[in-house]
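# Residue-level structure breakdown
Here's the letter readout for the chains.
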Amino acid sequence: DPAVDADDPAFWADPRDPSRAVLFGTDKSDGLYVHDLDGKVRQFLAAGPLNNVDLRDGFMVGGKEQVLVAATERSKFGIALFLFDPDSYETKPYGFIATGADFGEPYGFCMGRQGDRFLLIANNKLGEVRVYGLNGGGEAASAVLGSSFKVATQPEGCVVDDKTGKLYVGEEDVGIWRFDLAPGANSTPFKVAAVDGQRLTADVEGLSIMRDRGTDYLIASSQGDATYPLWRIEGDSYTYVGRFAVDGGPIDAVTGTDGLDAWSGPIGPFPEGAIAMHDTDDGNGQQNFKMVDWREVRRALSLP
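## Structural notes on the overall build of the protein chain
Per the secondary structure count, the protein chain includes 1 helix and 23 strands. Expected size for 304 residues packed as a compact globule is a radius of gyration near 19 Å; at 18 Å, the protein chain falls within 12% of this value. Principal axes of the C-alpha set define a box for the protein chain whose edges measure 45 × 45 × 35 Å. Considering the protein chain as a whole, with its 304 residues, one finds that 56% of them fall into the buried category. Considering only contacts in the protein chain between residues 6 or more positions apart, those separated by 24 or more positions represent 45%. Just so you have it, the protein chain exposes about 12000 Å², and 49% of that area is on carbon and sulfur atoms. Seen as two clouds, the 28 positive and the 47 negative side-chain charges of the protein chain have centres 5 Å apart.

## Here we look at the sheet that holds strand 21 (residues 260-264)
Sheets are built from strands paired through backbone hydrogen bonds, the pairs being either parallel or antiparallel. Spatial ordering of the open sheet is given by 21-22-23, a layout of 3 strands whose pairing is antiparallel. Edge positions in the sheet fall to strand 21 and strand 23 (288-293), since each of these pairs with one other strand and no more. Adjacent strand axes in the sheet meet at a mean angle of 15°, parallel and antiparallel pairs treated alike.

## Some words on the packing of aromatic side chains
For the structure shown, the criterion picks out 13 aromatic pairs. Here the aromatic rings of Phe-59 and Phe-118 are separated by 5.0 Å at their centres, their planes lie at 80°, and the arrangement is edge-to-face. Taken together, the residues span a long stretch of sequence, with Phe-59 in strand 5 (residues 50-61) and Phe-118 in strand 10 (residues 117-124) at a distance of 59 residues. A network of ring pairs unites the aromatic residues Trp-12, Phe-24, Phe-84 and Tyr-89 as a single cluster. Against the face of Phe-96 rests Lys-76, its NZ or CZ located 4.9 Å from the ring centre. Taking NZ or CZ as reference, Arg-178 lies 4.4 Å from the ring centre of Phe-190, over its face.

## As for the side chain of Asp-212
Mapped onto the fold, Asp-212 is located in strand 17 (residues 204-212). Leaving out residues up to four positions away in the same chain, Asp-212 has contacts with Tyr-217, Trp-294, Arg-298 and Pro-304.

## Remarks on the sheet that holds strand 5
If you trace the 4 strands from one edge of the open sheet to the other, you get 5-6-7-8, paired in antiparallel fashion. Only two strands of the sheet have a single neighbouring strand rather than two, namely strand 5 and strand 8 (91-98). Direction aside, the axes of adjacent strands within the sheet are offset by 25° on average. One ladder, built from 8 bridges, connects strand 5 with strand 6 (residues 64-73); its direction is antiparallel. The residue of strand 6 that forms the bridge with Met-60 is Glu-65.

## Describing the state of the cysteines
Throughout the structure, instances matching the rule amount to 1 disulfide. Bridging Cys-110 to Cys-158, the disulfide has an S-S length of 2.3 Å. Where Cys-110 bonds to Cys-158 through sulfur, the torsion about that S-S bond is close to -115°, and the disulfide is left-handed. Taken together, the residues Cys-110 in strand 9 (residues 106-114) and Cys-158 in strand 13 (residues 155-161) connect sequence positions 48 residues apart. A residue is classified by how much of its surface remains accessible, and Cys-110, at 0% relative accessible area, is buried.

## Structural notes on the environment of Asn-284
Checked against the element boundaries, Asn-284 lands in the loop between strand 22 (273-279) and strand 23. Owing to a relative accessible area of 69%, Asn-284 belongs among the exposed residues under this scheme. Measuring from C-alpha to C-alpha, the distance between Asn-284 and Asp-252 comes to 9.9 Å, with 32 residues separating the pair along the chain.

## Considerations on the pairing of strand 10
The element strand 10 is largely enclosed, with a buried count of 7 among its 8 residues. Pairing of strand 9 with strand 10, which is carried by 7 bridges, proceeds in the antiparallel orientation. Looking at the pairing, Gly-112 lines up with Leu-119 of strand 10. Turn length for the strand 9-strand 10 hairpin, with the two strands adjacent in sequence and antiparallel, is 2 residues, and the turn residue Gly-115 shows positive phi of about 65°. Hairpin connection, strand 10 to strand 11 (residues 128-135): the antiparallel pair is bridged by 3 residues, and Gly-127 has positive phi, about 100°.

What counts and how
Residues numbered from 1 in each chain as written. Predicted model: local features only at pLDDT ≥ 70, side-chain atom pairs only at ≥ 80, totals over all residues. Heavy atoms only, no water. Helix = DSSP H or I, 4+ residues; strand = E, 2+ residues; numbered from the N terminus. Rg over C-alpha atoms; globule rule 2.2 N^0.38 Å. Buried < 20%, exposed > 50% of the residue type's maximum accessible area, 1.4 Å probe, protein only. Contact = heavy atoms within 4.5 Å. Areas by Shrake-Rupley, 256 points an atom, 1.4 Å probe, with all protein chains shown as cover. Lys, Arg positive; Asp, Glu negative; His and termini not counted. Charge placed at Lys NZ, Arg CZ, Asp CG, Glu CD. Pairing = 2+ DSSP bridges. Axes fitted to C-alpha atoms, helices over the stretch in contact; angles between N-to-C directions. Phe/Tyr/Trp six-rings, centres within 6.5 Å; stacked < 30°, edge-to-face > 60°. Lys NZ or Arg CZ within 6 Å of the ring centre and 35° of its normal. Disulfide = S-S within 2.5 Å.

What follows is the structure, given as structure tokens:
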């Protein structure tokens, strides 16, 4: 379908059997796609214009563990929620969290998990970032606004490091910021990396975290030159380790990239992890998502 307006992907693999895996992908005009990792569409949910998508597993509803999937919905001003059943592979709507007219069009989005607490984090084009705590377990979804942050200009991509409780936000023309999600923490942002036209090129789009061989990496997508820079996370400091592009080989190169997601560990046919990224043109005028074996990235950047 040449009308697909793709934007942001999110991986899921069954912790019981990582060969069972899917890729969720948003359509900025129409809804949410669920793909098998061979590219086939498993399901489509006509949920409106969805921008960024993220997920967390282990969400209990009615005594059963589900995968909570959520995405910002741009026309009704809120966050659309879905439940993915890890046994049946079926995805169904779970509810809607309104972000309100005062927030305007929600844009970027990511999720976090702290113990049994699930966080929904949305930002808007004016730089406001809102953190909602989801009330879990009920048949109907509800959430409470917990905190908010601010960057000076338009953000989009974000990712939560559940291990450290840190939130990373990409300010499109400026750089990558870090916030502390701990209750009562200082809301002053820490600049992780600046847009310099060399390592990181505007627009900063997707952000993700890859954990590999005891090392955690922050990965960004630079839309301006369709590259993916990586930083090694070392406590409160960050070491740039290089960047890569996707030439596509027999498929096609990734261009105009937007969202991305990294999966740490085995998933589907990828024994040591994978990265999925948006591609604005598959060579036939269609937008889609590409997947790259993490081992190829490791080799290209000579990572340990």
